[in-house]
Protein chains: 2
Amino acid sequence: MANISMKMLAKELRLSVSTVSKVFTDSHEISEQTKEKVLALAKKLNYVPNPYASSLRKRQSKTIAVVLPEVADSFFSVAINGIESVAREKGYHVLIYLTHELLEREQAILTDFQSGRVDGVLISVSNETSTDQHITEMMQRGIPVVFFDRVCEETATTRITTNDRDSGYLAAQHLIEQGCKRIAYLTISESLSISRNRLTGCKQALAAHHLPFRDSDLVLCTDNEAENLAIIKALLEKKNGPDGIIASVEKLTAAVYLACKELKIAIPGKVKVISFSNQSTAPILNPSLTTITQPAFEMGKMAATVLFNSLRKTQAQLRSETIVVPSVLVTRESTGK
Amino acid sequence: MANISMKMLAKELRLSVSTVSKVFTDSHEISEQTKEKVLALAKKLNYVPNPYASSLRKRQSKTIAVVLPEVADSFFSVAINGIESVAREKGYHVLIYLTHELLEREQAILTDFQSGRVDGVLISVSNETSTDQHITEMMQRGIPVVFFDRVCEETATTRITTNDRDSGYLAAQHLIEQGCKRIAYLTISESLSISRNRLTGCKQALAAHHLPFRDSDLVLCTDNEAENLAIIKALLEKKNGPDGIIASVEKLTAAVYLACKELKIAIPGKVKVISFSNQSTAPILNPSLTTITQPAFEMGKMAATVLFNSLRKTQAQLRSETIVVPSVLVTRESTGK
DNA sequence: TTGAAAGCGCTAACAG
DNA sequence: CTGTTAGCGCTTTCAA
């Protein structure tokens, strides 16, 4: 089942391999005649160049890696679409890797990239990622990295984020405007850039309205649905429980709704809920869910575009900057008066 | 920024390249001493073998492709997790390609695989895919293919599906048991294996209960949310409209809920709804949604496992068989009495 | 305009 | 146990 190679094309046409090769790069030093002959035979035999031979020789793989915490989240699903759309356009291939929120796995994955397997990396870091050593190491080896969504703010490269702080502010402000006095902020990590920034905005909004934010209003959830349900039920049952909840990641929404349902707490009557979410089901939840919706597709697209631009240039250091694609607040019933 | 190679390790240690190479395959013909020396230096220099050189030489890429219609659907998101989990375990890399439901793109993607870029392919076909020529061609070139979820039933290879027909039967039967007399079946394609099979089951259930299924009860939806909303509203407003709806793919759920909301049609009072869906929000919809939930993770895992098993053997023809991972009916409020 | 030759980094006979 | 050699399929000087 030997695949067809340039050598075979060359032999068949009594040409040299190098001539054939030049045809495929559309070199001007080849006559139209020969080009046509070669292309015709190539099509007839269904020839496709071996990418690995080419990669080896040219020292570039025309492949990028996308490193994600997980993909069971609508944000990343949609982001992948954005990435894939520009990769395809640029003739790049996309390898996907999941860290499952494990720093160790993230490090192992990036270490592998030292091999030259990929020309660049798009990454959204795990929530365990407190050091960026594995990332800078890769960059030193000449592999450009673009962060998206969950970024390392100290790392000297381009970051694509949404306006997390402003969105946090907006979310809290919205709840306050709707009459909330005591707002709880639900998160899955205290270290993650997005969580921290959203929280900061939230606190600023509260401060601006002379409302308190106590330590107990910051609620750390987990990866486990059942646990989260218990945590949130406990929160809601406290005598001085919140009248407004901000779910800082979409996966926490279900637990909030379920907790309220089980405790027969009315949304938005007793407690108002807003969630950072891209779920298409937000409008059909009971009640429909007010969301801060991230521009997932655009962020993916932007990240990929920035990466490819730097790949085109030989010595293009990615600038240490943050590109912000704004989120949008979609008001629905869950924060109604 | 020249990467470190075996040659360098060899020179540094005054060994031959082949000796170094053998160390990395853990060959028994190398002394413990040398192994240690080499490994130590490799670790120190952060050496990672060039996968493309290796692929070129060994004629295998340790990479598989996953070809999907799209990934904005929870089924595929979760399936990717299943696939990735076993790929990682087996030391394989995963390239991802999206067809966006376009046959032409699917063909172009598979054509590229003739190059030897991947050792095997996991595919869920587009809803335009009526011919399997591009797939069999690839198989003839020695690249094994495993279908999952959306399969080509005539193609001689292994297919991982869920029990679509039985699930269709179950869905309809459930509606009937709950008192429905007139059931509409919503689909996005008449050719797709999954849609056809689910429909078949549905019809069988109706027949078994001596209930009619008219042509107009088969409702073909589109890729466009707004259009679907209009289609479903039209359906519900007909004088002899359905009292039960089966949404054969999850993306149609929102349109059904929204249509009912806009028309003030009570679920489940006036019309009962069941959906083929993996959405985690099903329990918190209004009303909570009865679903046929597909074992997405398991199907992804199974597909990958079957593929890797065939990859281990040199001449392993994949058997032309269908492996069925059953779906489960989760009864919730949307089909209550 | 075409071809010969070298080599990308690794593996696999085979010889020593 | 280690080394020599050839070559995977392609690109890229350089020479003709």
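This structure is a prediction, so every number in the text was calculated from the model and none was measured. (Residues numbered from 1 in each chain as written. Chains lettered and ligands numbered in written order. Predicted model: local features only at pLDDT ≥ 70, side-chain atom pairs only at ≥ 80, totals over all residues. Heavy atoms only, no water.)

K.L.:
It is not clear to me how the protein's contact with DNA strand D should be interpreted in this structure. Could you clarify?
P.N.:
Taken together, 27 residues surround DNA strand D, and among them Met6, Tyr47 and Arg57 of chain A together with Lys22 and Arg59 of chain B come closest. Counted by atom, the contact set of DNA strand D within 4 Å of the protein is 62% sugar and phosphate. With respect to DNA strand D, the backbone of serine 16 of chain B contributes an N or O atom lying 2.9 Å from a phosphate oxygen. Within the contact set of DNA strand D, a base oxygen lies 3.0 Å away from a side-chain nitrogen or oxygen of serine 18 of chain B. Of all the elements in the fold, those that place two or more residues in the surface near DNA strand D are helix H2 (17-24) and helix H4 (51-58) of chain A together with helix H2 (17-24) and helix H4 (51-58) of chain B. (Near = heavy atom within 4 Å. Polar contact = N/O pair within 3.5 Å; in protein donor to acceptor, adjacent residues only side chain to side chain. Helix = DSSP H or I, 4+ residues; strand = E, 2+ residues; numbered from the N terminus.)

K.L.:
Sorry, what's going on with the interface of chain A and chain B here?
P.N.:
The accessible area lost on association of the parts is a frequent measure of interface size. Tallying the contact residues gives 54 residues for chain A and 54 residues for chain B. A buried area of about 5100 Å², summed over both sides, lies between chain A and chain B, and 57% of it is on carbon and sulfur atoms. A per-residue breakdown of the area chain A buries against chain B is headed by Tyr52, Arg141 and Ile284 of chain A, which together make up 15% of the total. Here chain A and chain B share two salt bridges between them. Residue lysine 261 of chain A pairs with glutamate 333 of chain B through a salt bridge whose shortest N-O separation is 3.3 Å. Contributing elements (two or more residues each) for the side of chain A that touches chain B: H4, helix H5 (74-90), strand S2 (93-98), helix H6 (103-112), helix H7 (133-140) and helix H11 (253-263) of chain A. (Contact = heavy atoms within 4.5 Å. Buried area = accessible area lost by both parts, 1.4 Å probe. Salt bridge = Lys/Arg side-chain N within 4 Å of Asp/Glu carboxyl O.)

K.L.:
Which parts of the structure should I look at to understand the relation of the copies chain A and chain B?
P.N.:
Between the two copies of this chain, the relationship is a rotation about some axis together with a displacement along it. Its rotation angle being 180°, the transformation that places chain A on chain B also includes 0.1 Å of axial translation and leaves an RMSD of 0.2 Å. Such a combination of rotation and displacement between the chain copies is what one expects of a two-fold axis. Both copies share a contact surface, since 100% of the interface residues of chain A are interface residues in chain B too. (Least-squares fit on C-alpha atoms with pLDDT ≥ 70 in both.)

K.L.:
Any chance you could explain the packing of helix H1 (residues 6-13) of chain A against helix H3 (residues 32-45) of chain A here in plain terms?
P.N.:
Geometrically, a packed helix pair is captured by the angle between its two axes and the distance between the axes. Residue and element names in this part refer to chain A. Taken N-terminus to C-terminus, the directions of H1 and H3 make an angle of 120°; their axes are 10 Å apart at the nearest point. One way to sum up the angle between H1 and H3 is to call them oblique. Read as a crossing pair, H1 and H3 show a hand that is right-handed. On H3, the residues that touch Leu9, Glu12 and Leu13 of H1 are Lys37, Val38, Leu41, Ala42 and Leu45. Here the contact of H1 with H3 is composed, by residue class, of six nonpolar, no polar and two charged. (Axes fitted to C-alpha atoms, helices over the stretch in contact; angles between N-to-C directions. Parallel < 35°, antiparallel > 145°, perpendicular 65-115°, else oblique. Left-handed = near helix turned anticlockwise from the far one by under 90°. Nonpolar A, V, L, I, M, F, W, Y, C, P; charged D, E, K, R; others polar.)

K.L.:
How should the protein's contact with DNA strand C be read in this particular structure?
P.N.:
Lining the immediate surroundings of DNA strand C are 26 residues, of which Lys22 and Arg59 of chain A together with Met6, Tyr47 and Arg57 of chain B lie closest. Each atom of DNA strand C within 4 Å of the protein was assigned to sugar, phosphate or base; sugar and phosphate come to 60%. Side-chain polar atom of arginine 57 of chain A to a base nitrogen of DNA strand C: 3.3 Å apart, as the coordinates give it. The set of elements that each furnish at least two residues to the surface near DNA strand C consists of H2 and H4 of chain A together with H2 and H4 of chain B. When its residues are assigned to classes, the surface near DNA strand C shows eight nonpolar, ten polar and eight charged.

K.L.:
It is not clear to me how the pattern of salt bridges should be interpreted in this structure. Could you clarify?
P.N.:
Any two side chains of opposite charge can pair, given that their charged atoms come close. Under the definition given, this model contains 26 salt bridges over all chains. With a shortest N-O distance of 2.8 Å, aspartate 164 of chain B and arginine 198 of chain B are connected by a salt bridge. Note that aspartate 164 of chain B is positioned in helix H8 (residues 164-177) and arginine 198 of chain B in helix H9 (residues 193-208), a separation of 34 residues in sequence. Three or more residues are tied together by salt bridges with common partners; here these are Glu70, Asp223 and Lys251 of chain A.

K.L.:
Explain the sheet that holds strand S8 (residues 244-247) of chain A here, please?
P.N.:
Think of a sheet as strands paired side by side through backbone hydrogen bonds, with each pair either parallel or antiparallel. Residues and elements named next belong to chain A. One open sheet holds the six strands; their spatial order is S7-S6-S8-S9-S10-S12, and the pairing between them is mixed. The open sheet is flanked by strand S7 (218-220) and strand S12 (328-330), the only strands paired with a single partner. Along the sheet, successive strands turn relative to each other by an average axial angle of 20°, direction set aside. Relative to S12, strand S10 (residues 290-293) runs antiparallel, the two sharing three bridges. What sits directly across from isoleucine 292, in S12, is leucine 329. Contacts from helix H9 (residues 193-208) reach strand S6 (183-187), S7, S8 and strand S9 (272-276), with the element oriented near 175° to S6. (Pairing = 2+ DSSP bridges.)

K.L.:
Would you explain the nonpolar core in this entry?
P.N.:
Here is a general trend for soluble globular proteins: nonpolar side chains tend to be buried in one another's company. Ranked by internal contacts, the top residues of the largest apolar core, which has 56 residues, are Leu122 and Phe148 of chain A together with Leu122 and Phe148 of chain B. Beyond its immediate sequence surroundings of up to four residues, phenylalanine 148 of chain B is in contact with Leu68, Phe75, Phe76, Ala79, Ile83, Leu122, Ile123, Ser124, Ile160 and Ala303 of chain B. Core analysis: the next-biggest nonpolar cluster, separate from the first, contains 54 residues, Tyr257 of chain A together with Ile188, Ala247 and Leu289 of chain B among them. (Core = buried A, V, L, I, M, F, W, Y, C linked by side-chain atoms within 4.5 Å. Buried < 20%, exposed > 50% of the residue type's maximum accessible area, 1.4 Å probe, protein only.)

K.L.:
Please clarify how the UniProt feature "domain: HTH lacI-type" (unreviewed entry) in chain A should be interpreted in this entry.
P.N.:
UniProt's entry tags residues 4-58 of chain A with the feature "domain: HTH lacI-type" (unreviewed entry), counted in the numbering of this structure. Annotated as 69% helix and 0% strand, the span residues 4-58 of chain A places its first and last C-alpha atoms 20 Å apart. (UniProt positions renumbered as here; feature names shortened; annotations may be inferred.)

K.L.:
Please clarify how the packing of aromatic side chains should be interpreted in this entry.
P.N.:
Any aromatic ring pair is given by two values, namely how distant the centres are and how the planes are angled relative to each other. Residue and element names in this part refer to chain A. This model, assessed by the stated rule, comprises eleven aromatic pairs over all chains. Between tyrosine 92 and phenylalanine 308, the ring centres sit 4.6 Å apart and the planes meet at 45°, which makes this aromatic pair tilted. Of the two residues, tyrosine 92 is situated in the loop between H5 and S2 and phenylalanine 308 in helix H12 (residues 296-312); the sequence distance between them amounts to 216 residues. Among the aromatic residues, those joined into a cluster by ring pairs are Phe75, Phe76 and Phe148. (Phe/Tyr/Trp six-rings, centres within 6.5 Å; stacked < 30°, edge-to-face > 60°.)

K.L.:
Honestly, the sheet that holds strand S12 (residues 328-330) of chain B in this entry has me stumped. Any pointers?
P.N.:
Residues and elements named next belong to chain B. In spatial order, the strands read S7-S6-S8-S9-S10-S12; together these six strands make up an open sheet with mixed pairing. If you trace the sheet from one side to the other, it starts and ends with strand S7 (218-220) and S12, each paired once. Along the sheet, successive strands turn relative to each other by an average axial angle of 20°, direction set aside. Where H8 meets the sheet, its contacts fall on strand S6 (183-187), strand S8 (244-247), strand S9 (272-276), strand S10 (290-293) and S12, and the angle it forms with S9 comes to roughly 165°. Where H9 meets the sheet, it contacts S6, S7, S8 and S9, and its direction lies at approximately 175° from that of S6.

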